[in-house]
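Descriptive analysis of the structure
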Amino acid sequence: MRVAIAGAGLAGLSCAKYLTDLGYTPIVLESRDVLGGLVAAWKDNDGDWYETGLHVFFGAYPNMLQLFKELKIEDRLQWKQHTMIFNQPDKPGTYSRFDFPNLPAPLNGIMAILRNNDMLSWGEKIELAKGLVPAMLRGQKYVDSTDKYTFSEWLKQQGVGDDVEQGIFIAAAKSLNFIDPSEISALVLLTALSRFLQQKNGSQVAFLDGSPTERLCQPMVDYITARGGEVRTKAPLKEILLNEDGSVRGFSIGGNESSNEVVTADLYVSAMPVDIMKVMLPAAWKQKEFFQKLDGLEGVPVINIHLWFDRKLTDIDNLLFSRSKLLSVYADMSNTCKEYANPDRSMLELVFAPAKDWINKSEEEILKATLVELETLFPQHFVGENPAKLLKYKIVKTPRSVYTATPGRQKYRPTQVTPISNFYLAGSYTMQPFLGSMEGAVLSGKLTAQAINAQAHLEANASSKPTQTLQPATNAATA
Ligand SMILES: Cc1cc2nc3c(=O)[nH]c(=O)nc-3n(C[C@H](O)[C@H](O)[C@H](O)COP(=O)(O)OP(=O)(O)OC[C@H]3O[C@@H](n4cnc5c(N)ncnc54)[C@H](O)[C@@H]3O)c2cc1C
């Protein structure tokens, strides 16, 4: 059975990969000339990579880790020491660490918090424990019920003060959805915290050993094509063509300026971002409540910055939380990533967030503001007679990235199965428990493949043909 999938981000590629495992023939149609969507990367004229986003993989990503195993590329994940490292704006040039000892969860997390004396006073530790621990014990149902509050509101209800919010959770909220605690849904932070506290290696991070396009997306494409599937770039979906009954007749593909091609298949999947899907909705579907709900979702702006310096600014081989006003997480990729390695010079990759007031500003303005923030983080490298010199930079703006996870968004997130009999959705914005993440994208694609197969199963049962099955990974099985 042939399945046409629009979008070769992680969700579209994962959907195609799992469909081939189940005996289907996917054809993936990607609008751009590069694979990966939000994980896409490019090489500059010097052969240096730059990316849409700084990406880390977590121990609490069962479906992603299983995918690496299935593709036989597990050795490409470079696991880092299990620690969380924060800059200390009030002590420029220094870091504060939450080191997770080799103990079972949640003991390792509790020890990490108890042993950190730079960022939390004993009073704040008790305050935080009193607020968080009961919430974690109340389980996922309780966490789901917190989608009506911002994280700031939720912290206040638990009696956790502003200092803890400022000290830790601004950095955490920005790293998860590129917005502040006063905007992000409590559900997002509590979901992440409960995974991190319940799984021994849940918050341990890995960096890929090179660009996601080459080191993760390409092996997915190789896997798909080796099993009869197809992945086409520069093949943008222009229009979803319908039959009279409202089902999909074909995908009209642009690409070649002069000619439009219609790709037909037995089934169709959109793995495009929600903002594009909304624009692409056929008029006949706009009346359906299922599709109207998509109006409640919108991508959040974010900016990814790459700075190449003439020397090393840090030797830390891990993710760093800047705790600065304009920046979120960052890493010195010359330390963290094998293919970007340089023993003499730093290449900082920094996420600039919240970006809504900056996304339309010029690169020069964004660079200038970033350098001012860096000077406060690393004053030792920027003052004196021989300050660090910026050799070059690259800025990648994404005006609409993952869905903005403000309170109340959960009810707008669609299932992978739609009311249209031969049309499905995939994408990290669709309903799955890992929110707007790479794990969420991979899982959504797998769930779509599963839903397609379940439908075929039903039809095959009617005609008693055998079918294969597929299961999402759980942490118990893989982490
Ligand atoms: C700066 C940044 C940092 C991030 N950091 C992390 C991290 O550290 N860890 C983590 O887990 N997640 C992170 N994420 C989130 C993660 O990248 C996304 O959740 C995930 O990649 C989304 O995948 P997707 O397939 O759902 O969507 P997308 O990646 O948006 O893929 C959609 C695809 O559809 C294509 N498309 C669009 N229009 C058309 C059309 N008309 N026809 C055909 N194709 C079309 C697009 O080009 C794209 O390839 C980060 C994201 C950003 C932006």
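Treat the numbers as computed from the prediction; the structure is a model and nothing was measured.

**Observations regarding the site of the ligand**
Lining the immediate environment of the ligand, one finds 36 residues, of which Glu30, Leu38, His55, Tyr61 and Ser428 sit closest. Ala11 is positioned such that a nitrogen or oxygen atom in its backbone is 2.9 Å from an oxygen atom of the ligand. The contact in question runs from an oxygen atom of the ligand to an N or O atom on the side chain of Tyr61, over 2.6 Å. The protein chains hide 92% of the 1000 Å² of surface that the ligand would expose on its own. Mapped onto the shell around the ligand, the elements with two or more residues apiece are helix 1 (10-21), helix 10 (274-280) and helix 15 (438-463).

**Regarding the sheet that holds strand 12 (residues 248-253)**
Read from one edge to the other, the open sheet built from 3 strands follows the order 11-12-13, with strand pairing classed as antiparallel. The open sheet has two edge strands, strand 11 (237-242) and strand 13 (261-263), and neither has a second partner. On average, adjacent strands in this sheet sit at an angle of 30° to one another, irrespective of strand direction. Pairing analysis gives 5 bridges linking strand 11 to strand 12, with the strands arranged antiparallel. Residue pairing across strands places Leu242 opposite Val248, the latter belonging to strand 12.

**Comments concerning a nonpolar patch on the surface**
Taken together, the side chains of Leu107, Ile110, Leu114 and Trp122 make up a nonpolar region of the molecular surface, amounting to roughly 380 Å² of accessible area. Sort the elements by how many residues they give to the nonpolar patch and helix 3 (residues 107-114) lands first, with 3 residues. Along the chain, the position of Leu114 falls in helix 3. Owing to a relative accessible area of 34%, Leu114 belongs among the partly exposed residues under this scheme.

**A look at empty space enclosed by the protein**
In total, this model carries 1 cavity of 30 Å³ or more according to the counting rule given. Taken as a whole, the largest cavity encloses approximately 80 Å³ of empty space. Glu51, His55, Phe57, Phe207, Leu208, Gly210, Pro212, Met333 and Cys337 are the residues that line the largest cavity. Each residue belonging to the lining of the largest cavity can be placed in one class, and the counts come to 6 nonpolar, 2 polar and 1 charged.

**Remarks on the packing of helix 1 against helix 9 (residues 212-226)**
Two elements in contact, helix 1 and helix 9, have axes whose closest approach is 9 Å; the angle formed by their N-to-C orientations is 30°. On the basis of the axis angle, helix 1 is roughly parallel to helix 9. Between helix 1 and helix 9 lies a crossing of left-handed hand. Where helix 1 abuts helix 9, its residues Leu10, Leu13, Ser14, Ala16, Lys17, Thr20 and Asp21 lie against Leu216, Cys217, Met220, Val221, Tyr223 and Ile224. Grouping the amino acids of the contact of helix 1 with helix 9 by side-chain chemistry returns 9 nonpolar, 2 polar and 2 charged.

**Some points on the sheet that holds strand 7 (residues 83-87)**
Pairing between the strands of a sheet is mediated by backbone hydrogen bonds and can be parallel or antiparallel. The strand order 8-7-16-17-18-15-19 describes an open sheet built from 7 strands, whose pairing is mixed. The two strands at the open ends of the sheet, each matched to only one other strand, are strand 8 (95-99) and strand 19 (390-398). Of the strand pairs in this sheet, strand 16 (residues 320-321) and strand 17 (residues 327-332) are connected by 2 bridges, and their pairing is antiparallel. Directly across from Phe321, in strand 17, lies its bridge partner Val329.

**Examining unusual backbone geometry**
Residue Ala105 is joined to Pro106 through a cis peptide bond whose omega torsion reads 0°. With respect to the element layout, Pro106 can be found in the loop between strand 8 and helix 3. Of note, the amide linkage connecting Ala353 to Pro354 takes the cis form, showing an omega dihedral of -5°. With phi around 50°, Lys234 is a residue other than glycine that occupies positive phi space. Relative to the elements of secondary structure, Lys234 occurs in the loop between strand 10 (230-232) and strand 11. For Lys234, a relative accessible area of 57% translates into the label exposed. Notably, Leu435 is not glycine yet its phi reads approximately 50°, a positive angle.

**So, the domain arrangement of the protein chain**
Under the domain assignment, the protein chain is made up of domain 1 (2-36 + 210-297 + 409-459), domain 2 (105-201) and domain 3 (302-398). For domain 1 and domain 3, the distance between their C-alpha centroids amounts to 34 Å.

**Topic: the environment of Ile224**
Mapped onto the secondary structure, Ile224 falls in helix 9. The spacing of Ile224 and Leu77 is 147 residues in sequence and 21 Å in space, taken between C-alpha atoms. Excluding residues that lie within four positions of it along the chain, Ile224 makes contacts with Leu13, Ala16, Lys17, Thr20, Pro26, Gly229, Glu230 and Val231.

**Comments concerning the side chain of Arg413**
Its location among the elements puts Arg413 in the loop between strand 19 and strand 20 (423-425). Asp147 provides the closest opposite charge to the buried, salt-bridge-free Arg413, at an N-O distance of 8.1 Å. A distance of 3.4 Å separates a polar atom in the side chain of Arg413 from a polar atom in the side chain of Tyr403. In terms of polar contacts, Arg413 uses its side chain to reach the side chain of Gln410, at 2.9 Å. When residues no more than four places from it in sequence are discounted, the contact partners of Arg413 are Leu297, Tyr403, Ser428, Tyr429, Thr430, Met431, Gln432 and Leu435.

Scoring rules and cut-offs
Residues numbered from 1 in each chain as written. Predicted model: local features only at pLDDT ≥ 70, side-chain atom pairs only at ≥ 80, totals over all residues. Heavy atoms only, no water. Near = heavy atom within 4 Å. Polar contact = N/O pair within 3.5 Å; in protein donor to acceptor, adjacent residues only side chain to side chain. Areas by Shrake-Rupley, 256 points an atom, 1.4 Å probe, with all protein chains shown as cover. Helix = DSSP H or I, 4+ residues; strand = E, 2+ residues; numbered from the N terminus. Pairing = 2+ DSSP bridges. Axes fitted to C-alpha atoms, helices over the stretch in contact; angles between N-to-C directions. Patch = residues over 30% accessible without salt bridge, like charges linked within 9 Å, V, L, I, M, F, W, Y side chains within 5 Å. Salt bridge = Lys/Arg side-chain N within 4 Å of Asp/Glu carboxyl O. Buried < 20%, exposed > 50% of the residue type's maximum accessible area, 1.4 Å probe, protein only. 1 Å grid on protein atoms, 1.4 Å probe; cavity = no way out; pocket = protein on both sides within 12 Å on 5 of 7 lines; lining within 4 Å. Points joined across faces, edges and corners; volume = space filled by probe spheres on them. Nonpolar A, V, L, I, M, F, W, Y, C, P; charged D, E, K, R; others polar. Parallel < 35°, antiparallel > 145°, perpendicular 65-115°, else oblique. Left-handed = near helix turned anticlockwise from the far one by under 90°. Contact = heavy atoms within 4.5 Å. Domains from an automatic or database assignment. Lys, Arg positive; Asp, Glu negative; His and termini not counted.

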